[in-house]
Amino acid sequence: MINIPLVDLKRQYNDHRDDFDSSISKVLKKSNFILGEEVEEFEEAFAKYCGVKYCVGVASGTDAILLGLSAIGVKNGDEVITQANTFISTILPIISLGAKPVLVDINPNTYQIDVSMISKAISKKTRAILPVHLYGYPAPMREISQIASNKHIEIVEDACQAHGTIIENKKAGSFGVVSAFSFYPGKNLGAFGDGGAVVTNSSLINKKIKILRNIGQTKKYKHDLIGFNSRLDTLQASVLSLKLKHLDAWNIKRRRIAKLYSKLLRDLPLVLPPDIALGNFSNYHLYVIRTAKRDKLMNFLSSKGVHCGIHYPIPLHMQKSVNKILGYQKNDFPLTEKYSRQILSLPIFPELKEQEVEQICKLITIFFNRQ
Ligand SMILES: *Cc1c(COP(=O)(O)O)cnc(C)c1O
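Residues numbered from 1 in each chain as written. Predicted model: local features only at pLDDT ≥ 70, side-chain atom pairs only at ≥ 80, totals over all residues. Heavy atoms only, no water.

Attention now goes to the packing of aromatic side chains. Ring pairs (aromatic) are described by centroid distance and by the angle formed between their planes. Using the criterion set out here, one finds 15 aromatic pairs in the structure. An angle of 65° between the planes, with centres 5.6 Å apart, marks the rings of tyrosine 111 and tyrosine 135 as edge-to-face. With a gap of 24 residues between them, tyrosine 111 in the loop between β3 (100–104) and α6 (115–121) and tyrosine 135 in the loop between β4 (126–129) and α7 (141–151) connect regions that are remote in the sequence. Here tyrosine 111 and tyrosine 135 have matching classes, each one buried. Each ring, one from tyrosine 111 and one from tyrosine 339, has its centre 5.6 Å from the other, and the planes form 65°; the classification is edge-to-face. In this pair, tyrosine 111 sits in the loop between β3 and α6 while tyrosine 339 sits in helix α13 (residues 334–340), placing the two residues 228 residues apart along the sequence. In this structure, tyrosine 111 and tyrosine 339 share a single accessibility class: buried. Through pairs of rings, three or more aromatic residues link up here, namely Phe42, Phe46, Tyr49, Phe181 and Phe183. Sitting above the plane of the phenylalanine 175 ring, lysine 170 keeps its charged end 4.5 Å from the centroid. (Phe/Tyr/Trp six-rings, centres within 6.5 Å; stacked < 30°, edge-to-face > 60°. Helix = DSSP H or I, 4+ residues; strand = E, 2+ residues; numbered from the N terminus. Buried < 20%, exposed > 50% of the residue type's maximum accessible area, 1.4 Å probe, protein only. Lys NZ or Arg CZ within 6 Å of the ring centre and 35° of its normal.)

The next thing to look at is the pattern of salt bridges. As enumerated under the stated definition, the model contains 10 salt bridges in all. The closest approach of N and O atoms between glutamate 38 and lysine 30, which form a salt bridge, is 2.7 Å. The partner of arginine 142 in a salt bridge is glutamate 168, and the shortest N-O contact between them spans 2.9 Å. With arginine 142 in helix α7 and glutamate 168 in the loop between β6 (166–167) and β7 (170–171), the pair connects residues that are 26 residues apart, well separated along the chain. (Salt bridge = Lys/Arg side-chain N within 4 Å of Asp/Glu carboxyl O.)

The omega torsion of the bond from histidine 311 to tyrosine 312 falls at 10°, within 30 degrees of zero and hence cis. Of note, the phi angle at asparagine 169 is positive, near 70°, even though the residue is not glycine. Structurally, asparagine 169 is set in the loop between β6 and β7. Asparagine 169 gets classed as exposed once you look at its relative accessible area, which sits at 66%. Not every positive phi belongs to a glycine, and tyrosine 284 is a case in point at roughly 45°.

Laid out in structure tokens, this is it:
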């Protein structure tokens, strides 16, 4: 019986068990759980990896976006532009700061923010554009940067799915004045729990976020800013430093899996992920196909032991928690809405075997032959 999950974290742990166990027990012996030296070591390594000057480890990707927006001064009454098909954590921090998320629809081929719609969404209140490298695919950063610099608006990247993604030979996260990463376990660089990071080239923003994440403290018991308790903990930092050394190799394995899927599925009535232009690299956080028979296909695969995901089944403007705050109606984002009924994320993780990809593709072929 096949049993292939969307992501299998156990395989990665088992492959490097001794390394993980020894780095964790090193921290346990020192018991330097909060802001131990491992945090700074990871921050330096991850900044270098992203090609930026600074990195600040925080408690989650959601907090990374929150602290990033907070550090550039996003406040009550401001507007931040992002896309309608993203994870809710892209917009919750905007709302937490009293600002308004302004949504736009997506490019029909790439699933990324539709650049032509950004200009129309800009108003006097726009403080930032918050593009998401959704599925690990490169967002159109050159076009977005042009719009932002013409209008004197900041870019904050949601790079929570984009560890190692490359756009025109630069790493995702190096375009925004500040950018956010998540180390949620299922991400390409995932901790053994929650974690996140803010990266920036600005020493001022770096200093501010270091204070903000640590309850606004500049010296012990001296609190100069209204801060948050949002530190990356030492245990997670030690795990992340270890994993960072493997990230590029793991991303290449993901790309190999994606290529195999695309080869084996190309003759089926499915829309496959878009090609990647030269000088760009998708980290294939997700491998997303599209079909009008999505629900049937997903159920069929699940009945055969292949477990897929949907990213995301309910567009943000139709979520109960925020639909009144956002103030949009059904049909305001036709592509996002249509695709939410058609997209399907197939299992992908570095340890997925070629033979398993073949099994999955064989099942998908059987499904379409029966239709
Ligand atoms: C995972 C994710 C986040 C939030 O990260 P957490 O670490 O879970 O808080 C934000 N945006 C996107 C696009 C994500 O995929």
